[in-house]
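Here is what each chain is made of, one letter per residue.
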Number of protein chains: 2
Amino acid sequence: MEQRPTPTDSQGEVRALVEALRQGSRRALARAITYVENYDPRRTALLQALPAATDLPYIVGITGTPGAGKSSLMGALAGVLRHQGRRVGIVAVDPDSPLTGGAVLGDRIRMLQHTDDDGVYIRSMSSRGNPGGLARATWEVLQVLGGAGFDVLIVETTGVGQTELAIRQFADTVVLVVTPGGGDSIQAIKSGIMEVAHVFVVNKADLPGADITASQIRQALHLRPAQDWQPPVVPVISTTGEGVPALWDALQAHYGQLDKAGGLAVVRRDRWHAQLSLMAESELRARFYAYLRHRPPTWDHLLQRLSRGETSPSLAAEELVEHFLQANGLPASDGIH
Amino acid sequence: MEQRPTPTDSQGEVRALVEALRQGSRRALARAITYVENYDPRRTALLQALPAATDLPYIVGITGTPGAGKSSLMGALAGVLRHQGRRVGIVAVDPDSPLTGGAVLGDRIRMLQHTDDDGVYIRSMSSRGNPGGLARATWEVLQVLGGAGFDVLIVETTGVGQTELAIRQFADTVVLVVTPGGGDSIQAIKSGIMEVAHVFVVNKADLPGADITASQIRQALHLRPAQDWQPPVVPVISTTGEGVPALWDALQAHYGQLDKAGGLAVVRRDRWHAQLSLMAESELRARFYAYLRHRPPTWDHLLQRLSRGETSPSLAAEELVEHFLQANGLPASDGIH
């Protein structure tokens, strides 16, 4: 039987791990990520020994509908950054939608052109059936990548409903990727992501309608109340790399704007103040679904009573929540995998 | 000081209320809705005395993006049903998005043409800042309307992200309303609502592009695996009422299909089995946000520690959830208003 590490063992081991991480050890990186992903007992000590989230390097968020070419864009952007000698850590978040699974996998493979390069690290994460657990895991992998000395971090999420807006909690700069036609731009205007994105990319800009899409976005942006930052619209062909240096210029311009607003640490604090409740909500959902996966004893009984009309949907839901709260959640170690 | 009703008082009063409701009293209807909305102590007894959710009348769900004309469509549909002597109960759910507030209010006013008619009852509900509480309240208002003898119930939600899919838990037939152009149809195909809707309405069918939109939807439907029910695409001009009788025919056809599948009670049971966890998740979120509204004592301290880099976003979120779970949720009466 494996012995659990004592707190003192852990602290020594974690210190050594963080030091190895800092020196660029890939093995340490893999191990640290395993600790946070598996809710290892050493996880809390590790997170406390890593750089604070306020001190993480610049984080770029990339979002857009499935098929907008986000992964190849990330690949191209990573290429530009590598050319400048910058080390890039990438977290690709799959909300694990059955609708997009195939396309996402294809995108991942296209992006793997960087796998032989030690200056690029790509981690793909999925919710594996536990909605809500992703936000926590993403945060912690970002902290690990920060501890491993990457210069720029990129988070990519598929923009389906709320995940699209959730990228705000991570990213210093949010990039929305749209494609010509397809209604992406109009939908973006409606969905609220327009208020969130700092840079717009019209990807596949060699397709017909790219100019129209770009001007639709610009028009919509002009209708907003004036703000300190006027989001640029950057045409890109990510498969050839055209426009990608201009995208990096736009990102740097936004970074400069954040600097004027007090720097990363200050703007991050303000963002988290506004979003701690959302982050906690994700965590709570993760706990609840972990609880449900254990098929609580009340489950079948509730469904039977619901079927017989002896309880109502809302009362049944309430009862299930009561049972969860009385169980006081599961131990955190069962929370997210 | 007002005295709390004892359980015995409650039972007598609730029985009388349910009887008055059954006989068509508008005052009883208003009072019963107040009980469920305000989490009155008599709420549980009331819900248990009302018809079981399996026995509710036919429930039609209407969803679509803001501006698709859902409210005027509901108004026109209610008109057709009134003409046939059917009594119609309507629940209009506003997810309370600041982006759509104005438009929704305007829609509501246009719909109020039926307010003088005793055979139509319209209840507008918003989340009032408590996401998650709406699903419970909607369920319970539907049960009250069922107890008041309405023949058809209609639930309308604005299709923004997840709410669009949540309508499945309520509705026997889901109607997706799209408009010509605007990318609605393409977005519907991407978002997953395509898999959920039983009837498609192309509203504002007098606008250019209506035929193209209808055929885009039909094409996308043909790409799906064959199913027992082939969703019709109905062109409607809800401001003039054109196409609305055809929509009612389509709804009745789907109702007939549900009958073949075992009738409302059976299909509802199957639906709830699949969705109890989602319903409970809504309830849990409602409890959590009610807890946060009370500004738990840890809140400011957590934000300070987060600001100082003494904790990380994920650890702070985890701590907040722990505090919520230890408080064992709030009393349900504080849950949702």
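Cut-offs and rules
Residues numbered from 1 in each chain as written. Chains lettered and ligands numbered in written order. Predicted model: local features only at pLDDT ≥ 70, side-chain atom pairs only at ≥ 80, totals over all residues. Heavy atoms only, no water. Helix = DSSP H or I, 4+ residues; strand = E, 2+ residues; numbered from the N terminus. Buried < 20%, exposed > 50% of the residue type's maximum accessible area, 1.4 Å probe, protein only. Contact = heavy atoms within 4.5 Å. Areas by Shrake-Rupley, 256 points an atom, 1.4 Å probe, with all protein chains shown as cover. Pairing = 2+ DSSP bridges. Axes fitted to C-alpha atoms, helices over the stretch in contact; angles between N-to-C directions. Salt bridge = Lys/Arg side-chain N within 4 Å of Asp/Glu carboxyl O. Parallel < 35°, antiparallel > 145°, perpendicular 65-115°, else oblique. Nonpolar A, V, L, I, M, F, W, Y, C, P; charged D, E, K, R; others polar. Left-handed = near helix turned anticlockwise from the far one by under 90°. pLDDT = per-residue confidence, 0-100. Bend = angle between axes of the 7 residues up to and from the residue. Phe/Tyr/Trp six-rings, centres within 6.5 Å; stacked < 30°, edge-to-face > 60°. Lys, Arg positive; Asp, Glu negative; His and termini not counted.

## Here we look at the overall build of chain A
Secondary structure assignment for chain A yields 13 helices and seven strands. For chain A, the residues scored as buried account for 57% of the 337 residues in total. By sequence separation, contacts in chain A at least 24 residues apart represent 79% of the contacts at least 6 residues apart. Accessible surface, chain A: about 13900 Å² in total, of which carbon and sulfur atoms supply 52%.

## Quick word on the sheet that holds strand β3 (residues 120-126) of chain A
All names here are of chain A. The parallel open sheet is built from seven strands, whose spatial order is β3-β2-β4-β1-β5-β6-β7. Either end of the sheet is taken by a strand with one partner, and the two such strands are β3 and β7 (233-235). Between one strand and the next, the sheet's axes are offset by a mean angle of 20 degrees, whatever the strand orientation. Together, β1 (58-64), β2 (88-94), β3 and β4 (152-158) form the strand contacts of helix α6 (residues 133-147), whose direction differs from that of β2 by roughly 170 degrees.

## Some points on the pairing of β1 of chain A
All names here are of chain A. Taken across its seven residues, β1 has seven buried, putting it largely inside the fold. In β1, alternate side chains face the same way, and those of Y58, V60, I62 and G64 on one face and I59, G61 and T63 on the other are all buried. Examined bridge by bridge, β1 and β4 share seven bridges and lie parallel to one another. Bridge pairing in β4 places Y58 opposite V152. With four bridges connecting them, β1 and strand β5 (residues 173-178) associate as parallel partners. Its bridge partner lying in β5, V60 is registered against T173.

## Describing the pattern of salt bridges
Applying the stated criterion across every chain yields a total of 28 salt bridges over all chains. Put simply, R123 of chain B and E37 of chain B hold a salt bridge, and the shortest N to O gap is 2.9 Å. Placement of R123 of chain B in strand β3 (residues 120-126) and of E37 of chain B in helix α2 (residues 26-37) is noted, with a sequence separation of 86 residues between them. Residues joined by salt bridges that share partners form a network here, namely R43, R136 and E140 of chain A together with E318 of chain B.

## Let's talk about the side chain of T54 of chain A
With respect to the helices, strands and loops of the structure, T54 of chain A is situated in the loop between α3 (43-49) and β1. Those residues in contact with T54 of chain A, other than ones at most four positions away along the chain, are A265, R268, R269 and W272 of chain A together with L306, S307 and G309 of chain B.

## Examining the environment of L50 of chain A
Residues and elements named next belong to chain A. Among the structural elements, L50 can be located in the loop between α3 and β1. With relative accessibility at 5%, the residue L50 sits in the buried group. Measuring from C-alpha to C-alpha, the distance between L50 and L145 comes to 9.5 Å, with 95 residues separating the pair along the chain. In contact with L50, other than residues within four places in its own chain, are V18, L21, Q143, V144 and G147.

## Notes on the sheet that holds strand β6 (residues 199-202) of chain B
Residues and elements named next belong to chain B. Spatially, β3-β2-β4-β1-β5-β6-β7 is the arrangement adopted by the seven strands of the open sheet, whose pairing is parallel. Each having just a single partner strand, β3 and β7 (233-235) make up the two edges of the open sheet. Neighbour-to-neighbour, the strand axes of the sheet open up by a mean angle of 20 degrees, direction not taken into account. When β6 meets β7, the two strands line up parallel, connected through three bridges. Looking at the pairing, V201 lines up with V234 of β7.

## Remarks on the packing of helix α6 (residues 133-147) of chain B against helix α11 (residues 264-293) of chain B
Two numbers describe a pair of packed helices, the interaxial angle and the distance between the axes. All names here are of chain B. Two elements in contact, α6 and α11, have axes whose closest approach is 7 Å; the angle formed by their N-to-C orientations is 120 degrees. Between α6 and α11, the angle is such that the two are oblique. For the pair α6 and α11, contact is made by G133, A135, R136 and W139 and by W272, M279, S282, E283 and A286, respectively. Among the residues forming the contact of α6 with α11, the class breakdown is five nonpolar, two polar and two charged.

## Comments concerning the packing of helix α12 (residues 298-307) of chain A against helix α13 (residues 313-326) of chain A
Residue and element names in this part refer to chain A. In contact at an axis separation of 10 Å, α12 and α13 are set at 170 degrees when each is read in the N-to-C sense. It follows from the interaxial angle that α12 and α13 lie roughly antiparallel. In this structure, the crossing between α12 and α13 has a hand that is right-handed. Mapping the contact onto sequence places T298, W299, L302, R305 and L306 in α12 and P313, A316, E319, L320 and H323 in α13. Looking at the contact of α12 with α13, its residues break down into six nonpolar, two polar and two charged.

## Examining the confidence of the model for chain A
Residue and element names in this part refer to chain A. On average, residues of chain A score 82 in pLDDT, and 80% of them are at 70 or above. Ranking the elements of chain A by mean pLDDT puts helix α5 (residues 101-111) last, at 45, and β7 first, at 97. Across residues 97-107, where pLDDT falls below 50, the model places eight contacts with residues more than four positions away in sequence or in other chains. Confidence metrics for the complex model read pTM 0.75 and ipTM 0.79.

## Overview of helix α12 (residues 298-307) of chain B
In terms of residue burial, α12 of chain B counts as a mostly covered element, since seven of its 10 residues are buried. Looking at the buried residues of α12 of chain B, the elements they touch are α11 (264-293) of chain A together with α11 and α13 (313-326) of chain B. Positive backbone phi, approximately 75 degrees, marks G309 of chain B, located one or two places after α12 of chain B.

## Notes on α11 of chain B
Residues and elements named next belong to chain B. When the local axis directions of α11 are compared, the greatest deviation, roughly 60 degrees, occurs at Q275. Across the 30 residues that make up α11, a large majority, 22, are buried. Where α11 terminates, the next one or two residues include R295, which has phi positive at roughly 45 degrees.

## Things to note about unusual backbone geometry
In the Ramachandran plot, Y39 of chain A falls in the positive-phi region, its phi being about 55 degrees despite a non-glycine side chain. Mapped onto the secondary structure, Y39 of chain A falls in the loop between α2 (26-37) and α3.

## Observations regarding the pairing of strand β5 (residues 173-178) of chain B
Residue and element names in this part refer to chain B. The buried fraction of β5 amounts to six of the six residues, a majority that puts the element mostly inside the structure. Here β5 shows a buried face lined by T173, V175 and V177 and a second buried face lined by V174, L176 and V178. One ladder, built from four bridges, connects β5 with β6; its direction is parallel. Within β6, the residue paired with V177 across the bridge is V201.

## A look at the packing of aromatic side chains
The geometry of an aromatic ring pair is captured by two quantities: the separation of the ring centres and the angle between the planes. Residue and element names in this part refer to chain A. This model, assessed by the stated rule, comprises 18 aromatic pairs over all chains. Summarising the aromatic geometry, the rings of W139 and W272 are spaced 5.6 Å apart at their centres and angled 80 degrees between planes, so their arrangement reads as edge-to-face. Linking W139 in helix α6 with W272 in helix α11, this pair joins segments that are 133 residues apart in sequence. Note on W272: relative accessible area 0%, which makes it buried.

## Points about the side chain of K70 of chain A
Residues and elements named next belong to chain A. Checked against the element boundaries, K70 lands in helix α4 (residues 70-83). This buried residue, K70, is left without a salt bridge; E156 holds the nearest opposite charge, at 4.5 Å. In this view, K70 contacts I62, T63, G64, T65, E156, T157, T158 and V177; residues no more than four positions away in its chain are not counted.

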